[in-house]
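Residue-level listing of the chains:
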Amino acid sequence: MSALFDNTPDRKDTFSFKWKKYQGKDIIPAWVADTEFRCAQPILDALSSQIEHGNMGYILPAHHEGAINAVVRWLKDKHHWHIEPEWLVWTPGVVPAFNVACKAYCEAGDKVLVQTPNYPPLLAAPKLNGLERVDIGTVIQPATDDIPERYTLDFEALEREAADPKCKLFIVCNPMNPVGSVLTQDELDRIAAICNKNNVKLCSDEIHCDLILEPGKKHIPAGREADLAENSITLMAASKTFNIAGLGTSFAIIPNRKLRQAFTQAAAGIVPWVTVLGLAATEAAFTQCDDWHQAQLAYLKSNRDKVFNAINEIEGLSMIKNDATFLAWIDASKLGVENVLTWAEEKGVGPSPGVDFHKADHFRINFGCSSAMLDDILSRLAR
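This report concerns the structure included in the present document. (Residues numbered from 1 in each chain as written. Predicted model: local features only at pLDDT ≥ 70, side-chain atom pairs only at ≥ 80, totals over all residues. Heavy atoms only, no water.)

### Some words on the overall build of the protein
Counted only if it meets this: The helix and strand labels rest on DSSP assignments: H or I over at least four residues marks a helix, E over at least two residues marks a strand, and numbering proceeds from the N terminus. Per-residue accessibility, obtained with a 1.4 Å probe over protein chains only, is compared with the maximum for each type, and a residue is labelled buried under 20%, exposed over 50%, and partly exposed between these values. Note on contacts: a residue pair qualifies if any of its non-hydrogen atoms lie within 4.5 Å across the two residues. In these tables, accessible area is a Shrake-Rupley quantity obtained with a 1.4 Å probe, and a residue counts as shielded only by the protein chains included in the view. For the purpose of counting charges, residues Lys and Arg are taken to be positive, whereas Asp and Glu are taken to be negative. His and the chain ends are not included. Here the site of a charge means NZ on Lys, CZ on Arg, CG on Asp, or CD on Glu.
The secondary structure content of the protein amounts to 14 helices and 14 strands. In terms of principal-axis extent, the alpha carbons of the protein reach across some 55 × 55 × 40 Å. Looking at the protein residue by residue over its 383 residues, the buried ones come to 57%. Counting only contacts in the protein whose residues sit at least 6 apart along the sequence, the fraction spanning at least 24 positions is 73%. Counting every atom, the protein has about 16,700 Å² of accessible surface; 50% of that belongs to carbon and sulfur. Side-chain charges of the protein comprise 38 positive and 49 negative groups, with the mean position of each set lying 3 Å from the other.

### What about the packing of helix 4 (residues 65-79) against helix 11 (residues 276-288)?
Defined as follows: Between N-to-C directions, angles span 0 to 180 degrees; the directions come from axes that are lines fitted to C-alpha atoms, helices contributing only their stretch in contact. Take the far helix as the reference: if the near one is turned anticlockwise from it by less than a right angle, the crossing is left-handed, and if turned clockwise, right-handed. Throughout this entry, Asp, Glu, Lys and Arg are counted as charged residues, while Ala, Val, Leu, Ile, Met, Phe, Trp, Tyr, Cys and Pro are counted as nonpolar. The remaining residues, Gly among them, count as polar.
Packing of helix 4 against helix 11 leaves a shortest axis separation of 8 Å and a crossing angle of 35°. Where helix 4 crosses over helix 11, the handedness of that crossing is left-handed. Facing helix 4, whose interface residues are Gly66, Ala67, Ala70, Val71, Arg73 and Trp74, helix 11 presents Leu279, Thr282, Glu283, Ala285, Phe286 and Thr287. In the contact of helix 4 with helix 11, the residues fall into seven nonpolar, three polar and two charged.

### With respect to the sheet that holds strand 11 (residues 318-319)
In sheet architecture, strand pairing relies on hydrogen bonds along the backbone and comes in two forms, parallel and antiparallel. For clarity, the threshold we go by: Any two strands with at least two DSSP bridges between them are considered paired.
The sheet built from five strands is open, its strands ordered 1-13-14-12-11 with mixed pairing. A single partner strand is all that each edge strand has here, and the edge strands are strand 1 (28-30) and strand 11. Where strand 13 (residues 349-353) meets strand 14 (residues 362-366), two bridges bridge the pair, whose relative direction is antiparallel. Paired with Ser352 across the two strands is Arg364, which belongs to strand 14. Its contacts with the sheet place helix 14 (residues 371-382) against strand 1, strand 13 and strand 14, and it is angled at close to 100° to strand 1.

### A few points about the sheet that holds strand 3 (residues 111-115)
Taken together, the seven strands give an open sheet; going across it, the order is 2-10-9-8-7-3-4, and neighbouring strands pair in mixed fashion. This sheet does not close on itself; its edge strands, each paired only once, are strand 2 (88-91) and strand 4 (132-136). Strand-to-strand, the axes of this sheet are offset by a mean angle of 20°, without reference to chain direction. Sheet analysis places strand 8 (residues 201-205) next to strand 9 (residues 232-236), joined by four bridges and oriented parallel. When the bridges of strand 9 are listed, Ser204 appears paired with Thr234.

### Quick word on the environment of Arg190
By secondary structure assignment, the location of Arg190 is in helix 8 (residues 185-197). Remark: the alpha-carbon pair of Arg190 and Leu158, spanning 32 residues in sequence, is separated by 9.9 Å. Ignoring anything within four residues of it in the chain, the contact list for Arg190 reads Phe155 and Glu159.

### A few points about the packing of aromatic side chains
Convention followed: Within 6.5 Å between ring centres, the rings of Phe, Tyr and Trp (the latter by its six-membered ring) count as paired, and their orientation is classed by plane angle as stacked under 30 degrees, edge-to-face over 60, tilted in between.
Within the structure shown, the criterion is met by 15 aromatic pairs. Ring geometry for Phe5 and Trp292: centres 5.4 Å apart, planes at 55°, overall tilted. With Phe5 in helix 1 (residues 3-6) and Trp292 in helix 12 (residues 290-311), the pair connects residues that are 287 residues apart, well separated along the chain. We note that Phe5, like Trp292, is buried. Considering the side-chain rings of Phe242 and Phe286, the 6.2 Å spacing of their centres and the 75° angle between planes classify their relative orientation as edge-to-face. With Phe242 in helix 9 (residues 239-242) and Phe286 in helix 11, this residue pair connects regions lying 44 residues apart in the sequence. This pair shows no difference in class: Phe242 is buried, exactly as Phe286 is. Among the aromatic residues, those joined into a cluster by ring pairs are Phe5, Phe37, Trp74, Trp90, Phe242, Phe251, Phe286, Trp292 and Tyr299.

Honestly, it's all geometry; don't read function into it.
So this is what it looks like as C-alpha cells:
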C-alpha cells in the first residue's frame, strides 16, 4: 500500500495554500500542516456520491446520523472513549473552536494560559478575543534508561500562573504542535489537578491524536478522564489524519451540559455549520479507512525516522524524535545565522518559521509527503 503515498498528486497549479507561497521559485514548500497524499478512496467515493446526487442544500450537522455515528464508533474503537451523541458540537475547524472557547469561558481582561511553542492561530486567539495570553513554556525532559529525551510542559510555570484568579482557560495541544510530544497519564493527571484546583477550564486541541507514530505511545483524550470530563472541551477532526482540512469540518466533545451550552451560545450567529461534503468525508474516514490509516502511520513513521537521522547529521541542526504528527521541530540555534528561515530558503526548502511559533531559532518541517520529496528536502538542507 506504500505506493499510495509514493505517488502524490501534483499540487503546483491547484491554488494550494502550501504551494502558492513559493510558486515560480526553486523552493520546496514544507510548511503548512497538510499532507501531500491523495485521500483514501472511500472518502473520494463518498464525496463523488454526494456530488452525483446533485443537491448541496442545508444539512444540519446534528441531523447527520451517519457522521455522528462514525465519530462515536471511531472514538470507541481507537480511543476507548464511549461518548454520547449529544456531547458533540460540530465546528468548521479547531481554530474557530478554540476562539469560541475563549468567548464562552472568559470575559474581557481575563487571562488564557497557552502552551508554547505553539502554532500561530492558537497563539493569536486570546488577543483576538480581548484577553491576555500567558505563555506556559515547554522544557526538555532528559533521557532516562527507559525513556528518550522529550519535550514536556513546564509544570512549575503552569502551577504558578494558574493560581492567578484572572486565569480562566488553559489551551493545550495534545499531541503537541510543533514539538510532537504525547501527554502521558501522569502529565494529564497533573494538568487536571492544577485546573480543578484553580477553577481553570481546559481546552484540549487533539487534532493530531490519530497520528501517533511511536510504538507504545497512546493518546489519552482529555474528556475521557474522570477528573476532566466536567471541566474540559476536547477538539478533534478527521482533517489532519485523512488530509481533508480543506473541507472545514471538526467537532468539539463537551460532556458537561452547561459548558456545552455556553460554547454553543458563544458560537451562535458567528460560526457557520460545517459543510455537507465535510460531513460525508468524516463519515467515510471514520468507518471505511482503517487499513489506509494504518498504512499511512507506517509510512509517516518511516519518514519521521529518516528526518530524525538526517537532521542530526547536519552541522548546526538537531531534533528530538517526535512521538506524533507529521511535523518535525528542528533546533537551528547552533547554525549561527541571523535568520533560520532565510538559511533554509536559500538551500531550496521552505519550512514553517520558528518565529511564528515564538521560537525564532527553530523551524518546522512537514514530512507528510512522498519519500522522494522528503529525500529532496533533506538533501537540500544538507548541501
